[in-house]
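# Coordinate inspection notes
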Amino acid sequence: MSTRLSFSQYRLEAEVERCRAECQWDTIPSLLEQLAAARLHDDDDYRTLLLAEALLEECLLENITLLKNSTFLTEQSQPKLARAKVHLDSILNRGLLEPHYLNEALLLLAKVHYVQGCYRDAQGMCARAGLDDFTRHEKPVYQLRMLAEAFVIKGLSLDHQSMSGASRVRLSEREEDCLSCYLMACDAGLLYLQELDKTVCTPSSKTAKSGLLVPHFDVDPGFFLQAALQSAYLSLLRKGHLAQGTQQLRRVMRAVESRGSQSFRKTVACRLAEVLLGSVCEEAYWGPLSPPPPGWLKREGATHPKHAIYPSSRPPQRYNTEGAFSPQDVVEEAVLVLLITESMASGEAVISRTPEHQEARESSMQDASSVYDLLSIAMAKRGQYAMLSECLERAMKFSYNEFHLWYQLGLSLMASGKLEDAVSLSAGVVALGECAGESLPRAHLAIGLCRSLQASDATLKADRDEFNRRALQSLRKAHALDPGDPQISFYLSLQLALVRQVSEAMEPLQLALNIRGDDLHSLHLLSLLLSAQKHYQHALDTLKLAINQHPENFNLLFTKLKLEEVLFGPAEALQTCAEMLQLWQSRYDLTRLSEEDDTSSIPPDPGPLSKKPSGLHLTLPDFQETETGSQSALSLAVSRLEQAMSEVSAISSAHRHGPAYIWTTLERIWLQAGELFMADGRMKEAQFCVQEAGTLFPVSHSVLLLKGRVAELRGNDTEAKSMYDEALAINPRGHHILLHLGKLLVRTGRVGLGEKMLRDAIQVENTAHEAWSGLGEALQSRGSAQAPDCFLTALELESSCPIRPFTIIPREL
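This is a predicted model, so every value here is computed, not measured.

## Observations concerning the nonpolar core
V152 and Y372 are the most contacted members of the largest nonpolar core, which totals 152 residues. Counting residues per element, this core draws most heavily on helix α10 (residues 168-201), at 13 residues. In this structure V152 touches Y182, A185, F224, A227, A228 and S231, once residues within four positions along its chain are discounted. Of all hydrophobic cores here, the second largest spans 68 residues; its members include L445, A512, L671 and M678.

Next up, the structure:
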């Protein structure tokens, strides 16, 4: 019994230390009751200390805005602060606590005095606690936090005390004492976060045996820990000590990262980039692994960096620099730290536009904007506009209605000369005339493809029409110069198809197929052209020829799905969808994917279908209808797809290895299955497909769009609009999103706004007949004379609409 009691006492003490380390102050009252029942201490002063600490910390968290504004807290307005001070005074007056707990009470009282503006009293409490002795031995994790906060309180208290009559030597000594405290506070704070990360990330033996994951834990640093981490470099920079401030920022960046320091590291990285870009010239630059130049230190009144003069007794763990990459100039270092910060800022940005997330979204937007502004400055110095535009494009997923970032992206694209560089180089070849030889038609082909891609990206109809006209002009020149080139004939046919000259597109495509009859893209384009002419069976027969030669091409299979749905209904299409799930599993088996790099954006050569057993096998049993006992094509297909879903779902939810395009393909299969179930009226199965796609990409605009459509079919218009709004925030130029949102608004009586959305959809894709038809309905509902013209345009476009957009055919040399 005594052994069990001893273990119980030990566990309770450990729980107290853990809660103090993780700042879980709301759990302290229940622990106090357990301590009282266990009678671990002869008196109740220890429990009073815990209660005082919890009250004080809760008060500080509630008033962090006042603390940041340097507003004093009073006992009259803060009852928790008053109670904490009474408890601490009573403990110290009795003096019955053990020495280390007594020192903790002194440090807590120093914090009370500081927030009340009694800086001399705060400094006196820190001196009584003996901070220098406090650092000599290894301490529990929570005491590292107290130590960091005590050092910064001592430094700030010294900074706030006026010394008008003091000599210059005395002032210099006090500044040195302050800086020493700040450096010690920063190291102790970083060490605290690292040690806390170890305790949270290290599973217990019981957890490890059961295979459970350690729960995620986020640290709220609070006012004093934030001050401990930042005061050293802020003090140095404020005094104009740029070299030492830069060095301190670098020291912080070299500390081993912990979860609690991620937000702080973003701030440090931005500040380091600001100092490098704004205050360090390229001629005076020194590398991050080198000490500052003696000339800089001399100007700042120092002989060595401050951290060398005031070394910490327990420094935080730092990354090993042996063999590490070291920037060679100031811009290179600034860009490096900003790219690291940008990856964190874009990954942590709040995308949701719901009212409850507005404050968090604005905060993350402000953080991201500052990073991209600094990136613009740094990359402009090196003319890296293409890389800058790629960075800004990543910000578009959370930058809806953010004019500044969209404008920056536009400027970067203009400055990078995308596509126009290719046009200029090709134009140089064209200028050679006959001297260019066989390169002349290829140059016209390159110009035509660039103009075609620009037409697809253009936002204004006039620009789109002009780019399409110039694309056709260049491609026809190329075809006239070399009518026997199958690639030129193919792209001329594709461009004619893009501008809906379907009949004219057949002739050059036939020329391409006569030369290269097994070309994948030519057969695919022929199938789309036949579908645009409503020859669906011929289109399917042509597509099957391509699939026989390329059985693993998912792009062909998605087109096959659409054709089967039109010809035979959803049953046949669902059967193909099940086959696609089987193909996906067999092609991307888990054994091979686990060895791949999941960050790669270049698809590897898939080779033949993998034969290695993955441990998961798709079995598609026949389904017997309960009423008739006969097999139904629809029920058979559905049962097979449902079985495939259950198997592939286990893969998609538990494993995420391999390049991103693999999982994008699986997402598209789930979404396509969901659409087929919706077409068949099976909303439960459609919802399941949406959930599986959402498991892969929770914030995908395609997933949100289908969620909205499912909600709309179920009669939940409010939820549907919310989903459409979320999708539009992520992809503002998604014409399908604009179409469904516009039609929903018109149907629910908000005709004006719905008409605006439908016009935007037409602006994005002016060949979308559904958008023209929806606009006609909106105009008709308010008696506009333009409605018939919209309906006629919709009928004309629908008569030449392919089963899938022509843009799915790649345009590349």
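## Section: the packing of helix α5 (residues 79-94) against helix α6 (residues 99-115)
Packing of α5 against α6 brings their axes to within 10 Å, and their N-to-C directions diverge by 140 degrees. Classified by chirality, the crossing of α6 by α5 is left-handed. Judged by residue contacts, L81, K85, L88, D89, I91 and L92 of α5 engage L102, A105, L106, L108, L109, V112, H113 and V115 from α6. When its residues are assigned to classes, the contact of α5 with α6 shows eleven nonpolar, one polar and two charged.

## A few points about the packing of helix α14 (residues 262-279) against helix α17 (residues 330-347)
In the contact formed by α14 and α17, the axes pass within 9 Å of each other and the chain directions differ by 155 degrees. Here α14 lies roughly antiparallel to α17, going by the angle between them. Crossing of α14 over α17 shows left-handed handedness. Listed contacts from α17 to K266, A269, C270, L272, A273, L276 and L277 of α14 are V330, E333, A334, V337, L338, T341, M344 and A345. Taken together, the residues that form the contact of α14 with α17 break down as twelve nonpolar, one polar and two charged.

## Observations regarding empty space enclosed by the protein
Across all of its chains, the model carries five cavities of 30 Å³ or more by this definition. Put simply, the second largest cavity is a space of about 50 Å³. What lines the second largest cavity is simply L107, L108, K111, M146, E149, A150 and I153. For the lining of the second largest cavity, the secondary structure elements donating two or more residues are α6 and α9 (141-160). Per-element tally for the lining of the second largest cavity: the top contributor is α9, with four residues. When grouped by side-chain class, the residues that make up the lining of the second largest cavity number five nonpolar, no polar and two charged.

What counts and what doesn't
Residues numbered from 1 in each chain as written. Predicted model: local features only at pLDDT ≥ 70, side-chain atom pairs only at ≥ 80, totals over all residues. Heavy atoms only, no water. Core = buried A, V, L, I, M, F, W, Y, C linked by side-chain atoms within 4.5 Å. Buried < 20%, exposed > 50% of the residue type's maximum accessible area, 1.4 Å probe, protein only. Helix = DSSP H or I, 4+ residues; strand = E, 2+ residues; numbered from the N terminus. Contact = heavy atoms within 4.5 Å. Axes fitted to C-alpha atoms, helices over the stretch in contact; angles between N-to-C directions. Left-handed = near helix turned anticlockwise from the far one by under 90°. Nonpolar A, V, L, I, M, F, W, Y, C, P; charged D, E, K, R; others polar. Parallel < 35°, antiparallel > 145°, perpendicular 65-115°, else oblique. 1 Å grid on protein atoms, 1.4 Å probe; cavity = no way out; pocket = protein on both sides within 12 Å on 5 of 7 lines; lining within 4 Å. Points joined across faces, edges and corners; volume = space filled by probe spheres on them.

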